[in-house]
Amino acid sequence: MQHQGLLLLILAALTTIGLATILGAFSPELSTAAQFGWGLLLIFLPLCLAMALWREWVWAGIACVVYGTIGLALDLATMISILGGKGGTNRMLALSAISGCLNFLLIVFGGRAFWNALQGVRPGESHPPNPPSPSSSSASSPN
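Residue positions within a chain follow its written sequence, with the count starting from 1. Confidence filtering applies because this is a predicted model: local features only for residues at pLDDT of at least 70, side-chain atom pairs given and counted only at 80 or more, and all residues used for totals across whole chains, interfaces and linings. Working from all heavy atoms in the structure, the side-chain values ignore hydrogens and water.

Participant: What exactly am I supposed to notice about the nonpolar core here?
Facilitator: The definition of a nonpolar core used throughout is a set of buried Ala, Val, Leu, Ile, Met, Phe, Trp, Tyr and Cys residues joined through side-chain atoms within 4.5 Å. Here the term buried applies to any residue with accessible area under 20% of the maximum for its type, exposed to any over 50%, and partly exposed to those in between, with areas from a 1.4 Å probe on protein chains only. Leu11, Leu14, Leu49, Leu53, Cys64 and Leu106 are the most contacted members of the largest nonpolar core, which totals 18 residues. Of all elements in the fold, only helix H1 (4-25), helix H2 (32-54), helix H3 (59-83) and helix H4 (90-120) reach the threshold of two or more residues within this core. Helix and strand assignments follow DSSP, with helices taken as H or I runs no shorter than four residues and strands as E runs no shorter than two, numbered in order from the N terminus. Looking at this core, the element that brings in the most residues is H1, giving six residues. In this structure, Leu14 is in contact with Leu42, Tyr67, Ser99, Leu102, Asn103 and Leu106, ignoring residues within four places of it in sequence. Of all hydrophobic cores here, the second largest spans five residues; its members include Ile22, Phe26, Ile82 and Met92. Pairs of residues are marked as contacts when any of their non-hydrogen atoms sit within 4.5 Å.

Participant: Is there a simple way to explain the layout of surface pockets in this structure?
Facilitator: Over the atoms rolls a probe the size of a water molecule, and its path tells where empty space is left. For each structure, a 1 Å grid was placed over the protein atoms alone; sets of points admitting a 1.4 Å probe that cannot get out are labelled cavities, open sets with protein on both sides within 12 Å along at least five of seven lines are labelled pockets, and lining residues have an atom within 4 Å of a point. Grid points are joined across faces, edges and corners, and a volume is the space filled by probe spheres set on the points. One number sums up the size of the largest pocket: a volume of about 590 Å³. Mapped by element, the contributors of at least two residues to the lining of the largest pocket are H1, H2, H3 and H4. Considering each element in turn, the lining of the largest pocket owes the most residues, nine residues, to H3. Note on residue classes: Ala, Val, Leu, Ile, Met, Phe, Trp, Tyr, Cys and Pro are nonpolar, Asp, Glu, Lys and Arg are charged, and everything else, Gly too, is polar. Of the residues belonging to the lining of the largest pocket, the class tally is 16 nonpolar, 12 polar and one charged.

Participant: Would you explain the packing of H3 against H4 in this entry?
Facilitator: Note on definitions: angles span 0 to 180 degrees between N-to-C directions of axes, and those axes are lines fitted to C-alpha atoms, for helices only across the stretch in contact. Two numbers describe how H3 lies on H4: the axes approach to 7 Å, and their chain directions differ by 155 degrees. Comparing the axis directions of H3 and H4 gives the class roughly antiparallel. Here H3 runs over H4; the crossing is left-handed. Each angle gets one of four labels, with under 35 degrees taken as roughly parallel, over 145 as roughly antiparallel, 65 to 115 as roughly perpendicular, and the rest as oblique. Here a crossing is called left-handed whenever its near helix is offset anticlockwise from the far helix by less than a right angle, and right-handed whenever the offset is clockwise.

Participant: In this structure, what is going on with the side chain of Ser99? I would like to understand it.
Facilitator: With respect to the secondary-structure elements, Ser99 resides in helix H4. Taking the relative accessible area as the measure of exposure, Ser99 reaches 10% and is therefore buried. Here Ser99 is in contact with Leu14, Ile17 and Asp75, once residues within four sequence places are set aside.

Participant: Where do I start with H3 in this structure?
Facilitator: Three or four residues apart is the spacing at which side chains of an α-helix point the same way, because the helix has 3.6 residues per turn. In a regular helix each residue adds 1.5 Å, so 25 residues correspond to 36 Å; H3 covers 36 Å between its end C-alpha atoms and thus fits that length. Positive backbone phi, approximately 85 degrees, marks Gly85, located one or two places after H3. To estimate how far a helix should extend, the number of its residues minus one is multiplied by 1.5 Å.

Participant: Looking at this structure, I do not really get H4. What am I missing?
Facilitator: Taking 1.5 Å as the rise per residue, H4 with 31 residues should run 45 Å; its terminal C-alpha atoms sit 45 Å apart, in good agreement. Turning to H4, its buried residues are Met92, Leu95, Ser96, Ser99, Gly100, Leu102, Asn103, Leu106, Gly110, Ala113 and Ala117.

Participant: Would you mind going over a nonpolar patch on the surface with me for this structure?
Facilitator: Patch definition: residues with relative accessible area over 30% and no salt bridge; like charges joined within 9 Å; nonpolar side chains (Val, Leu, Ile, Met, Phe, Trp, Tyr) joined within 5 Å. All accessible areas in this document rest on Shrake-Rupley with a 1.4 Å probe, and a residue is counted as covered only by the protein chains that are shown. Put simply, a salt bridge is a Lys or Arg side-chain nitrogen that is within 4 Å of an Asp or Glu carboxyl oxygen. On the surface, a nonpolar cluster with roughly 640 Å² of combined accessible area is contributed by Trp38, Trp57, Trp59, Ile62, Val66, Ile70 and Leu74. Per element, the largest residue contribution to the nonpolar patch is five residues, and it comes from H3. Its location among the elements puts Trp59 in helix H3.

Participant: Explain unusual backbone geometry here, please?
Facilitator: Trans is the prevailing form of peptide bonds, just as negative phi is the prevailing case for residues other than glycine. Phi at His3 is positive, roughly 70 degrees, even though this residue is not glycine. If you check the backbone angles, Glu56 has positive phi at about 60 degrees while not being a glycine. For Glu56, the position within the fold is in the loop between H2 and H3.

As structure tokens, this is what we get:
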């Protein structure tokens, strides 16, 4: 799959940022269930996408686009909330900005990888019909 190495690198960086977000930027009053849910979204899901890319499954490219789109939307919402004075730290703002850039790259290169993979999956060309064999034409001719 084209861009496989770059997509794996982006997903590894997003996993690292997700881990940094969970360990240092979340509010201490966040419930355990919420932390578990964010862990699934920020750490487990990128690792699953990386495994799908590693196996070169065609749908993994478009799955990266979907994950990147959702991540970019969450990052933009977080940054706007922090800049609007609704709470948050400078660390959370920086992590969201870096994550947003990586999610944008994931969208671009995941889409390109998916498109290129689809270009390679084309049905074979039709073959011309076989000419009649000489034995079949002699059997049908009257003698």
